[in-house]
Each structure stands twice: as C-alpha cells, then as structure tokens.
Amino acid sequence: MSNARHGSANSLARILGAAAAFAVLAAPAVSASDSPTAPTERPIHRFLAVEISPDAALVASVEGDSPVGGYYPLIRDLLIRRIDNGAAITVALPCGRVRECWPNSPTWNPDGSRLSFTLRMPGTHARSIYSVAADGSGLAKLLDFSGTIEDLRYGADGRLAMLATADARKEVGATEAGTAIAGDLDAKTPEQRIAVLEGGALHWASPPDLFVYEYDWRPAGKGFVGTASPGDGDDNWWTAKLYAFSEKDAAARVIYSPVSLRQQLAAPKVSRDGRTVAFIAGIMSDFGSTGGDVYTLPAEGGQATNVTPGLKASATALAWGCDGHLQVQLLAADTSQLADLGDGRTPGSVRPMWSGAESLGLRGAGLSTACPSAITAADHESYTVPPEIEVGPVGGWRNLTAANAGMTPAARVQSLSWKSDEFNVQGWLLLPLNAAKKMPLVTIVHGGPAAAAVPSFIGPGLLRTLLEHGYAVFEPNPRGSFGQGERLTLANVRDFGHGDLRDILTGIDAAAKAAPIDEQRLGITGGSYGGFMTMWAVTQTQRFKAAVAGAGISNWQSYYGENGIDAWMLPYFGASVYEDPAAYARSSPINFIRNVRTPTFVYVGERDIECPAPQTQEFWHALKALGVPTSIMIYPGEGHGLRDPEHIADRLARTLKWFDEYLK
C-alpha cells in the first residue's frame, strides 16, 4: 500500500459487486462555510519533473499549483529556464492550459538542441509525443499512440525509447482509479513494454508477455536492462526479476532473480561503460516507494554484490556520475544524503558527498545531472522551506526558481528519537509557534509500510490546518519504515500492528516529554497502511479520543480476495491467507472490534484497488452496529489517493471538524 507521498503501480481490483453502490454510503455533507481553508489561500507550486540539459545551460520542468490539501496540479505547464539568469519560456501545448492536458517525462536529446515530452489529451488514456527546440520554438509531433507512455529516454545514438502500454484501460499504477469491476476478471491485461521510436512508429524491444516497470539503455546497440514480470502489471511487481532485453528481436533473458520473497528490485542503472548494472533491492511494499541496499552485477549476468551491507540508511535513488562513479541518494533517519560508491564493485566503499534535513526530488526522481560539467538540478523542500528548483554542483546549489517565495509556516519542527524494544526509532514533532499551554496531539501514520515521513513543506492542507487550530502533530517512522537500513524495514514482517504500534505509542510518550502535550486529548490518522494502523490502534488502546482512517484495511482475510495487488502481502505474511489464515487474523482490526470506544471517521475512494472500499465499509458498519460514534465518506470515481479538489477540500473539512468535536 502506497505512502501518500510516493507513487505506486498496480491494476484491476478483484471485487465481486458494484463499487459504485458504495458511493451512497456517505456522511452528511459539509458546507462551504465549514471549510477550514479559504479558497483564495495561496497554493503551493509543485515541480513534478526536472531535467537539466546536457550542456548545463537549461532546465526543463513540468509544474503547476497544487489544489489546497492535495499534491498533483490540475493545470500543468512545461517550462524551459536558462540557468544563467532564470529566464523562463512556457511551451505552448496543443490542447492549451486545461485540466488533463498534461505534459510529462521531459527529456533532452544528446546534444541538448531539442526537448521531447509526452502529452496526455483530456478525457483519454492516450498519449502523443512532441519535440520542441531549446528556445521553445518549432513544436513538432513525433507520435500519436492509443495507450499510455512513460519514462522517455534518449540513447547515446539519439534514438528515443519509452515504456508504452497499447490500448491501456486505465492510467499506469495501482494508486490510479481502477476500471469498473465487471465483465471477465480473468481477461488478459495490457502489458507495458519497452519501445523505440523509429520512422514515426514504435519498434517493440521487450516481449508481449512481460510488464516492464523500469529500464535503462545499454550502450553499443546491446539493448536494455529492466525489471519486469509476466501478467497483471499492478499485481506482479513484487516478484519482478531483472532482465536483459535484445532490441533486435525483443527477447528477454533473466540476469538476476530475487533471493527471497522479501527482496523487491528497483532503479536499474547501467554504468557509462556498459559493463555494470546497479539496482536497489530490499523489502518494499509499493512500486515507486523505493528503499533498500545497493547491488551491482555484470551487465551480461553473474554474481550480484551488495555494496552497502549493514548500512544504517535506505537507498532511495541511483545514478552513475560523470566520472563513472556510482552515486546513491540515501534516507538516513532525519537526513537526506548523497554518497559516492566508487566503481560500484567494492562493498562498504561509501564516501559522503552531502547531507541535509530536507528532501531532494520528493517524488523519488533524485538529481538530474549534466555531463561532463557535473552540474545538477532537482526540486528540494523541507518542512519550513517551500519547493523550488535548485541547480549547481552537489552541495553547492542555488535556487533557480522563486515560485513559492514568501511562503513560511507558523510552526516549529523537531526531530525526535526514542527507544522501543531493541530499536532506536525516529519521528517528527511539529508544534504551533508560541505554544505555551498543553495542546491536543494528532499522530499521522505514513502509508507503506515501507516508506517514511520525510520533510515536506507545511503548506495549505491538513498539517498547516491542524497547527493553525492549536494542535501539535506527530509523524513517527516506526519499524517497517525506511531510513535506518533493512533491519528496521524488515522488523514488521508477520507482525503488522504489534511492534509498530508499540513504537508509535512510546513515540507519543517521547513527544509528551518534549512539548506541552495534553495526553488526554490524543488523535490518530493516516492513509493506506496508516489507515490500517489507525483502525488497528483504536482496537488495541483507549489512549486515542478521536481517529480518522483513510483507505484503511479492517480485515486482512477478506482484503486478500478483494484487492488488486495481493502479491504484496506474501513478503510480509510469508504465505497466502489460504495457507496461513491465522497470521492474517492476528493483525485484523475487525477481530478486535468490540474493544473500540474511539469515535472514528473513515473515508476511501470508490475505485481504490489498493485498499478497496469494502474494507472501509466493513469497519464503519461494525462501529455503527456497536454504537461507537462513526461517519463514512466514499468519494466517487477516486482511486488510492484523492485527486478531485472538491473531494480533497471535503476530506480536510470533515477531518478538522471530527478532531475539533472530540479533542476540543
């Protein structure tokens, strides 16, 4: 289940029944006058993609204003900026500046003279590819395609590759809204394949029976490497292997298979000389939420080497530097780090390059680097510094943009560390400025579980609203999270809700020692895995006086047969629910539902295939039958994570109203 701050990829939910029927099970409407956020409040300007030109003269970016409380902009622009003076050109798109006319995946050709990008046309899953000159002129269509296109990449020879899904029925990724649950659920799903654009048409470079998740070029016409798995792409990433693909005949050859169910693969990168492939491997609960150790192996296949064994940090992104060295982005407790791993073949050779209490490339893209200058570009932010694009050598960056200048939250931020069982756990405590008297505390549990609460600007939305209304906020990173190496990330295997809840509760104790917290007014909330933990927590303790669970899981046993990504549970439970039902039962909130006294508001997207709506309905129905104050909202048409600004605003208003009613 994905973290709300990270993406994920998965497909059709296996639910029997009409999901649309759940939309009528709604809580009473919240009027506009109840909204805690004025509609004129300045939105955060977000940078969804950042790419520096090979000559380090220009930066291309896809960007736009986020809806209040949301992340993804509805209106998105493609801009090209000069690095020397920041002058910007907005590329005129054929469909104008309208909702779902969305550019994506900007990539420079090898000499930096032209920029290519994909364009989604409103109301469709189809894509076109366009190219524009570096000065923004000469817009040219390269391809129309009846399906999705992701991850454009130029090879050294100037040819353009991509990941393409012909006749796609939905957007790529399990966090996207699923298709209607009707018809033949065993029907073959479209596969995402590597393709090369040649003569105005696509030449397929991977076989039709494999869904390719990530890929990279190999030099000298040797094709590609990539992670892939047969069948439904949404459901099978957790068993993906690393392949070499022959561009000549689209043949695939396995060059690395995971050593266990608890090793997922991500971020394959081919060295500049073509001899070595680097990748990140470890237990991961979601595609797009990356963390683990760094491995390398010969590009032709052979023995893989863990080059970061025992590292007390999680690798989140990789790149081969201009000097041929392997570079890694790390999450190390409360800091982001960049490190040099040398030639990538020597275990333990980790040379620090930079460290800071901020996030680089929040969506997991990492740095974009120009060679041979080694000038880099990325978006960056922290809890108190809003997003901007920065450029420069590693550690010597300066802001190229000032889109969010003047935005400052009225908050104090503190990194907390505490002991829980044998683990040293880290989290974030956020406090209103000038807080003198005891405050109610709301704990926000991140999704995943393999993810982390990381510094993200406190802009308009839930965090800022809670702080402005006098709440303290606690964001823990309990066992199962990224940030302290594989030992911590693996520590919740076959133990969902038990050790991680102990970590959270002892963290709340630490927060109460660090700030004037009223322990009689504690609330808890979260989405996805955080929604499960919210549902679970109120069945295990009476400490919380109010709860809000988003896209939660109330019954792991029924969930196994309802969701569209059941393969993710095998690494964590060790067996299917049909083989070991007891393992699932001991972590199911519904089995302890009679313990609940906490008033709980629950919500979910109608077409969520990661955490289907019946899970939320089941929890709400039980509380209602038992006389526990509860309310439910199932947002029509939404997937795993709300996108419609009206739904986002409604969720924010309901959440604040719920906490105010029961904590104040």
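The structure we're discussing is the one just above.
Residues numbered from 1 in each chain as written. Predicted model: local features only at pLDDT ≥ 70, side-chain atom pairs only at ≥ 80, totals over all residues. Heavy atoms only, no water.

**Looking at the packing of aromatic side chains**
Then, number 1: Taken as a whole, this structure holds 37 aromatic pairs when the rule is applied.
Then, number 2: Judged by centre distance (5.7 Å) and plane angle (55 degrees), the ring pair of Y213 and F287 falls under tilted. Here F287 lies in the loop between β18 (276-282) and β19 (293-298) and Y213 lies in strand β13 (residues 210-217), a separation of 74 residues in the sequence.
Then, number 3: For Y213, a relative accessible area of 4% translates into the label buried.
Then, number 4: Judged by centre distance (5.2 Å) and plane angle (45 degrees), the rings of F496 and Y572 are tilted. Taken together, the residues F496 in the loop between α2 (486-489) and α3 (499-514) and Y572 in helix α6 (residues 569-573) connect sequence positions 76 residues apart. As far as the burial class goes, F496 and Y572 line up, both buried. (Phe/Tyr/Trp six-rings, centres within 6.5 Å; stacked < 30°, edge-to-face > 60°. Helix = DSSP H or I, 4+ residues; strand = E, 2+ residues; numbered from the N terminus. Buried < 20%, exposed > 50% of the residue type's maximum accessible area, 1.4 Å probe, protein only.)

**Things to note about empty space enclosed by the protein**
Then, number 1: Taken as a whole and assessed by the stated rule, the structure comprises three cavities of 30 Å³ or more.
Then, number 2: Its residues placed into classes, the lining of the second largest cavity shows six nonpolar, three polar and two charged. (1 Å grid on protein atoms, 1.4 Å probe; cavity = no way out; pocket = protein on both sides within 12 Å on 5 of 7 lines; lining within 4 Å. Points joined across faces, edges and corners; volume = space filled by probe spheres on them. Nonpolar A, V, L, I, M, F, W, Y, C, P; charged D, E, K, R; others polar.)

**A few points about the environment of P122**
Then, number 1: Of note, P122 is situated in the loop between β6 (114-120) and β7 (127-133).
Then, number 2: Taking C-alpha positions, P122 is 6.8 Å from R99, a pair spaced 23 residues apart along the chain.
Then, number 3: If sequence neighbours within four positions are ignored, P122 has contacts with C95, V98, R99, E100 and C101. (Contact = heavy atoms within 4.5 Å.)

**So, the side chain of D232**
Then, number 1: Among the structural elements, D232 can be located in the loop between β14 (224-230) and β15 (241-245).
Then, number 2: Look at D232 and you get buried, because its relative accessible area is 8%.
Then, number 3: There is a polar contact of 3.0 Å between the side chain of D232 and the backbone nitrogen of D234. (Polar contact = N/O pair within 3.5 Å; in protein donor to acceptor, adjacent residues only side chain to side chain.)

**A word on helix α4 (residues 529-540)**
Then, number 1: Taking 1.5 Å of rise per residue, the 12 residues of α4 would be expected to cover 16 Å, and the 16 Å separating its terminal C-alpha atoms lies within 8% of that figure.
Then, number 2: Residues of α4 that are buried include every one of Y529, G530, G531, F532, M533, T534, M535, W536, A537, V538 and T539, and no others. (Expected span 1.5 Å × (residues − 1).)

**What to know about the pairing of strand β36 (residues 600-605)**
Looking along a regular strand, one sees the side chains alternate between the two faces of the sheet.
Then, number 1: Summarising burial for β36: six of the six residues are buried, a large majority.
Then, number 2: Here four bridges tie strand β35 (residues 544-550) to β36, and the two strands are oriented parallel to one another. Bridge pairing in β36 places A549 opposite V602.
Then, number 3: Bridge count for β36 against strand β37 (residues 630-635) is six bridges, and the pairing is parallel. Residue pairing across strands places G605 opposite Y635, the latter belonging to β37.
Then, number 4: The β-α-β motif built from β36, the intervening helix α8 (residues 613-626) and the parallel element β37 has right-handed crossover chirality. (Pairing = 2+ DSSP bridges. Right-handed = clockwise from strand over helix to strand, strands pointing away.)

**Some remarks on the state of the cysteines**
Then, number 1: Following the criterion strictly, the structure yields two disulfides and no others.
Then, number 2: The disulfide partner of C95 is C101, and the gap between their sulfur atoms is 1.8 Å. As the torsion about the S-S bond is roughly 70 degrees, the C95-C101 disulfide counts as right-handed.
Then, number 3: A residue is classified by how much of its surface remains accessible, and C95, at 16% relative accessible area, is buried.
Then, number 4: There is a disulfide in this structure between C322 and C371, and the S-S distance comes to 2.0 Å. Classification of the bridge connecting C322 and C371 rests on its S-S torsion, roughly -90 degrees, and on that basis the disulfide is left-handed. Of the two residues, C322 is situated in the loop between β21 (314-320) and β22 (326-332) and C371 in the loop between β26 (368-370) and β27 (375-381); the sequence distance between them amounts to 49 residues.
Then, number 5: Exposure remark for C322: the relative accessible area of 28% places this residue in the partly exposed category.
Then, number 6: Taking only the cysteines that form disulfides and numbering them from first to last, the protein chain has the pattern 1-2, 3-4. (Disulfide = S-S within 2.5 Å.)

**Focus: the nonpolar core**
Proteins that are soluble and globular tend to have nonpolar side chains buried together.
Then, number 1: Judged by nonpolar contacts, the single largest core of 93 residues is most densely connected at L441, W556 and W568.
Then, number 2: Of all hydrophobic cores here, the second largest spans 25 residues; its members include L430, A546, F601 and M633. (Core = buried A, V, L, I, M, F, W, Y, C linked by side-chain atoms within 4.5 Å.)

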